[in-house]
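# Summary of structural features
Residue strings, one per chain:
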Amino acid sequence: KKDVEKLRLLFSLPEKQDDSNGTSDLDWDQKVQADKDAIDKDGKNLSAWYDLGMLYYLKGQKEDAIQCFEQALRLKPDNNKLRNWLKKYKERQQ
């Protein structure tokens, strides 16, 4: 969990995903649904798009993560850290 907090602050992601953070699938599903509900209420909710992307990233769901991060960039196009990281992430083999 400490790594996830660090990711949000610095947006430097580890090379390999670690799914052993103690989050059960039920917790993960609830978090995903909460972010989706927030996006349904406000499609411009940058935080929800970013958080949803992180959830997908941590589960190794690369395509879903990319879509969420791309939407976050559409909402905040001046986030160069995210833009640069996303470019590298897209180029990486899964």
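A quick note: this is a predicted structure, and the numbers were derived from the prediction, not measured. (Residues numbered from 1 in each chain as written. Predicted model: local features only at pLDDT ≥ 70, side-chain atom pairs only at ≥ 80, totals over all residues. Heavy atoms only, no water.)

## As for the packing of helix H2 (residues 25-41) against helix H3 (residues 46-59)
Two packed helices can be described by the angle between their axes and the distance between those axes. So the rule is basically this: Between N-to-C directions, angles span 0 to 180 degrees; the directions come from axes that are lines fitted to C-alpha atoms, helices contributing only their stretch in contact. Comment: elements are numbered from the N terminus, with helices defined as DSSP H or I runs of at least four residues and strands as E runs of at least two. Between 65 and 115 degrees an angle is taken as roughly perpendicular, under 35 as roughly parallel, over 145 as roughly antiparallel, and anywhere else as oblique. In this scheme the crossing of two helices becomes right-handed for a clockwise turn of the near helix relative to the far one and left-handed for an anticlockwise turn of less than a right angle. Any pair of residues with heavy atoms lying within 4.5 Å of one another is described as a contacting pair.
Running from N to C, H2 and H3 cross one another at 150°; their axes reach a closest spacing of 9 Å. Our classification of the angle between H2 and H3 gives roughly antiparallel. Judged by the twist between their axes, the crossing of H2 over H3 is left-handed. Together, Asp25, Trp28, Lys31, Val32, Asp35, Lys36, Ala38 and Ile39 of H2 and Ala48, Trp49, Asp51, Leu52, Leu55, Tyr56 and Lys59 of H3 make up the contact between the two elements.

## Brief notes about the nonpolar core
Our working rule: Grouping buried Ala, Val, Leu, Ile, Met, Phe, Trp, Tyr and Cys residues that are joined through side-chain atoms within 4.5 Å yields what is termed a nonpolar core. Accessible area is worked out with a 1.4 Å probe on protein chains only. A residue is then buried under 20% of its type maximum, exposed over 50%, and partly exposed in between.
In terms of nonpolar packing, the biggest core is built from 22 residues, with Tyr56, Tyr57, Phe69, Trp85, Leu86 and Tyr89 touching the most fellow members. Breaking this core down by element, the ones donating at least two residues are H2, H3, helix H4 (62-75) and helix H5 (80-91). Broken down by element, the residue count for this core peaks at nine residues, all from H3.

## Re H5
The cut-off we apply is this: For a helix, the expected span equals 1.5 Å multiplied by the residue count minus one.
Look at H5: 17 Å from first C-alpha to last across twelve residues, which is about the 16 Å you get at 1.5 Å a residue. Buried residues in H5 make contact with H3 and H4.

## A look at the packing of H3 against H4
Our working rule: The classification used treats Ala, Val, Leu, Ile, Met, Phe, Trp, Tyr, Cys and Pro as nonpolar, Asp, Glu, Lys and Arg as charged, and all other residues, Gly among them, as polar.
The interhelical angle for the contact between H3 and H4, taken along N-to-C directions, is 160°, at an axis separation of 8 Å. In terms of their interaxial angle, H3 and H4 are classed as roughly antiparallel. Regarding H3 and H4, the two cross each other, and that crossing is left-handed. Each of Leu46, Trp49, Tyr50, Leu52, Gly53, Met54, Tyr56 and Tyr57 in H3 lies in contact with H4, whose residues at this interface are Asp64, Ala65, Cys68, Phe69, Gln71, Ala72 and Leu75. Looking at the contact of H3 with H4, its residues break down into twelve nonpolar, two polar and one charged.

## Brief notes about H4
Note: α-helices contain 3.6 residues per turn, so residues at a spacing of three or four share the same orientation. The terminal C-alpha atoms of H4, which comprises 14 residues, lie 20 Å apart, in line with the 20 Å expected from a rise of 1.5 Å per residue. Every buried residue belonging to H4 is among Lys62, Ala65, Ile66, Cys68, Phe69, Gln71, Ala72 and Leu73, and all of these are buried.

## What to know about the packing of aromatic side chains
Cut-off, in case you're wondering: Here the aromatic set is Phe, Tyr and Trp, taking the six-membered ring for Trp, and pairing holds for ring centres within 6.5 Å; pairs whose planes are under 30 degrees apart are stacked, those over 60 apart are edge-to-face, and all others are tilted.
Counting across every chain of the model gives six aromatic pairs. Measuring from centroid to centroid gives 5.6 Å for Tyr57 and Trp85, while their planes differ by 75°, and the two rings are edge-to-face. Within this pair, whereas Tyr57 is found in helix H3, its partner Trp85 is found in helix H5, the two being separated by 28 residues in sequence. Residue Tyr57 is classed as buried on the basis of its relative accessible area of 0%.

## Topic: the confidence of the model for the protein
Applied cut-off: pLDDT runs from 0 to 100 and stands for how confident the predictor is about each residue.
Of the residues in the protein, 73% reach a pLDDT of 70 or more, and the chain-wide mean stands at 82. Predicted confidence for residues 1-18 stays below pLDDT 50, and this span has 30 contacts to residues more than four positions away or in other chains.

## What about the pattern of salt bridges?
Operational definition: Salt bridges, as used here, are contacts in which a Lys or Arg side-chain nitrogen is within 4 Å of a carboxyl oxygen on Asp or Glu.
The final tally for this structure, using the stated rule, is three salt bridges. Salt-bridge contacts for Lys59 lead to Asp25; the nearest nitrogen and oxygen are separated by 2.6 Å. Separated by 34 residues along the polypeptide, Lys59 in helix H3 and Asp25 in helix H2 bring together distant segments of the chain. With a shortest N-O distance of 2.4 Å, Lys90 and Glu70 are connected by a salt bridge. Taken together, the residues span a long stretch of sequence, with Lys90 in helix H5 and Glu70 in helix H4 at a distance of 20 residues. Residue Glu70 is classed as partly exposed on the basis of its relative accessible area, which comes to 26%.

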